Amino acid sequence: MTETTADFHPLSAAAQPIFDTVRSLNPNEPEFHQAVHEVLHSIGPVLERHPKYIENGILERLVEPERQIIFRVPWIDDSGRLRVNRGYRVQYNSALGPYKGGLRFHPSVNISIIKFLGFEQIFKNALTGQGIGGGKGGSNFDPHGKSEAEVMRFCQSFMNELYRHIGEHTDVPAGDIGVGGREIGYMFGMYRKITNRHESGILTGKGIGWGGAQVRTEATGYGAVFFVQSMLAVHGQTLEGKRVAVSGSGNVAIYAIEKAQQLGARAITASDSSGYIVDDAGIDLGLLRQIKEVERGRIVEYANRRPGARFVEGGNVWEVPVDIAVPSATQNELNLDSARMLIANGVRAVAEGANMPSTPEAVGAFQDSDVLFAPGKAANAGGVGTSALEMSQNASRQRWNFDHSEQKLRDIMTDIHDASFRAAERYGTPGDYVAGANIAGFERVADAMLAQGVI
Ligand code: NDP
Ligand code: 2IT
């Protein structure tokens, strides 16, 4: 994306110089600029009504991470060759609790991506009401095509540095793109070996048998669908019979599809970086999980094995006519043209399962139509919210069952929906969940920063 895209909305006189400084201090970081710009735009009316945030330099402090760690990750591949990747952990803001946020392993990872994700995480985590600060990390390591042993050696080397920066009360990483239960397991094992301590609270997304929480695996996808349910309920509608397009076929996508189907909708698409599949009869979740979770295969396999399904190589999944869209792959995967296609095809609601999947222009198009639009920091907060439940269970040595945990997730998502909805109303933009989520999240973090003084 270009710098002009980030200038999509005008900023208030108080916010513009902050954004200018962010840009000049952090050149060539377009995703980071995009995320900061959106929040600064949304909170304009809050700054006007409450000058204390400007007077106390909250914005200057908020945009600057508390700490940024960049490190070398050397490992040996199966042919005996030495490889070096770059590791990151950005500890962005700890006013509300220990830094909390996932680790992303993907070749595109750079400091701009980790900072945009860490910045988003601050407000998302505030929205969960769970006492967690914001952070993010990862590496430009690409797990695709790597052997099990290579992934393990990489994870071990990554943790060999990361361990000194994390802790139950300091910073608690989890998964994100390219990091799931397998990688969390290898990293946890290495932490335990280095430190000689079985400290469950240092990572979330662990296996159920060794400190993991029920529903964490499902939580992000389930939560995004619960959020859609809440938005539709405001208008007296339900998911029953709705056609749903989901992008991606990873952790978030799979469980968004599952929950949509459990609630009576028909999820008909999934995708990966090679293209998308459409299955008008409704996705066969068992087959999708077999291909993606067990075989770690490509999405074309689904169409090869499922009669009636088709694979569109390199296609844009948003061209499929649906009532509900849940983008669940990656940032900026849904642009203005895609938004226009969805709107023209009559989409009713869009909930971001991924982080920042819609470009600013796409968000603008949804908001200019009557589409219900849920931004990622609200719609996908169920994952980190359930991570916080895992932390609670680890600290108290409790184990909650699936139903209880799912009810807790449902409550968290309802609270986030209602807080975002109310904040939008308070500031005169009813129905604008982008403004509402940014304002509600900002107020919680900013008030904690004010109370804790200049640090
Ligand atoms: P996974 O690694 O499990 O799955 C990612 C999926 O997205 C894969 O199907 C992948 O396809 C596709 N994808 C990733 N990058 C690209 C790309 N550049 N172009 C096209 N397709 C791509 O990740 P998750 O499901 O965990 O994460 C998906 C999104 O949800 C991310 O934005 C993440 O930040 C966000 N998120 C995740 C949470 C979680 O709990 N896991 C919580 C909240 C948000 P391929 O295999 O071909 O790369
Ligand atoms: O983007 C996200 O919220 C996540 N990847 C989950 C973070 C977490 O700590 O569970």
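Residues numbered from 1 in each chain as written. Chains lettered and ligands numbered in written order. Predicted model: local features only at pLDDT ≥ 70, side-chain atom pairs only at ≥ 80, totals over all residues. Heavy atoms only, no water.

### What about the site of ligand 1?
Thinking step 1. Near ligand 1 lie 25 residues; those nearest to it are Asp 176, Thr 220, Ser 273, Arg 298 and Asn 355.
Thinking step 2. At 2.9 Å, a side-chain N or O of Arg 216 approaches an oxygen atom of ligand 1.
Thinking step 3. Coverage of ligand 1 by the protein chains reaches 84% of its 880 Å² of free accessible surface.
Thinking step 4. Elements that contribute at least two residues to the shell around ligand 1 include exactly α10 (216-234), α11 (251-262) and β8 (269-272).
Thinking step 5. Here the shell around ligand 1 is composed, by residue class, of 4 nonpolar, 15 polar and 6 charged. (Near = heavy atom within 4 Å. Polar contact = N/O pair within 3.5 Å; in protein donor to acceptor, adjacent residues only side chain to side chain. Areas by Shrake-Rupley, 256 points an atom, 1.4 Å probe, with all protein chains shown as cover. Helix = DSSP H or I, 4+ residues; strand = E, 2+ residues; numbered from the N terminus. Nonpolar A, V, L, I, M, F, W, Y, C, P; charged D, E, K, R; others polar.)

### Here we look at the pairing of strand β1 (residues 67-76)
Thinking step 1. Two elements, β1 and strand β2 (residues 82-93), share 10 bridges in a ladder whose sense is antiparallel. Directly across from Trp 75, in β2, lies its bridge partner Arg 83.
Thinking step 2. Connecting β1 to the antiparallel partner β2 that follows it, the hairpin turn spans 5 residues, and Gly 80 within it adopts a positive phi of roughly 90°. (Pairing = 2+ DSSP bridges.)

### Some points on a nonpolar patch on the surface
Thinking step 1. A grouping of Ile 76, Leu 82 and Val 84 is seen on the molecular surface, where their side chains present a nonpolar patch of about 260 Å² in accessible area.
Thinking step 2. Looking at the element boundaries, Leu 82 is found in strand β2. (Patch = residues over 30% accessible without salt bridge, like charges linked within 9 Å, V, L, I, M, F, W, Y side chains within 5 Å. Salt bridge = Lys/Arg side-chain N within 4 Å of Asp/Glu carboxyl O.)

### Quick look at the site of ligand 2
Thinking step 1. Neighbouring residues of ligand 2: 14 residues in total, closest Lys 100, Gln 121, Lys 124, Asp 176 and Ser 387.
Thinking step 2. Note that an oxygen atom of ligand 2 is positioned 2.7 Å from one of the side-chain N or O atoms of Lys 100.
Thinking step 3. Between Gly 175 and ligand 2, the recorded distance is 3.0 Å, taken from a backbone N or O atom to a nitrogen atom.
Thinking step 4. For the shell around ligand 2, the class distribution of residues is 2 nonpolar, 7 polar and 5 charged.

### A look at the sheet that holds strand β9 (residues 275-278)
Thinking step 1. Strand order across the open sheet formed by 3 strands is β8-β9-β10, with antiparallel pairing between neighbours. Strands with a single pairing partner mark the edges of an open sheet, and in this sheet they are β8 and β10 (310-313). On average, each strand axis in the sheet is tilted by 20° relative to the strand beside it, whichever way the strands run.
Thinking step 2. Relative to β10, β9 runs antiparallel, the two being bridged by 4 bridges. Paired with Ile 277 across the bridge in β10 is Phe 311. (Axes fitted to C-alpha atoms, helices over the stretch in contact; angles between N-to-C directions.)

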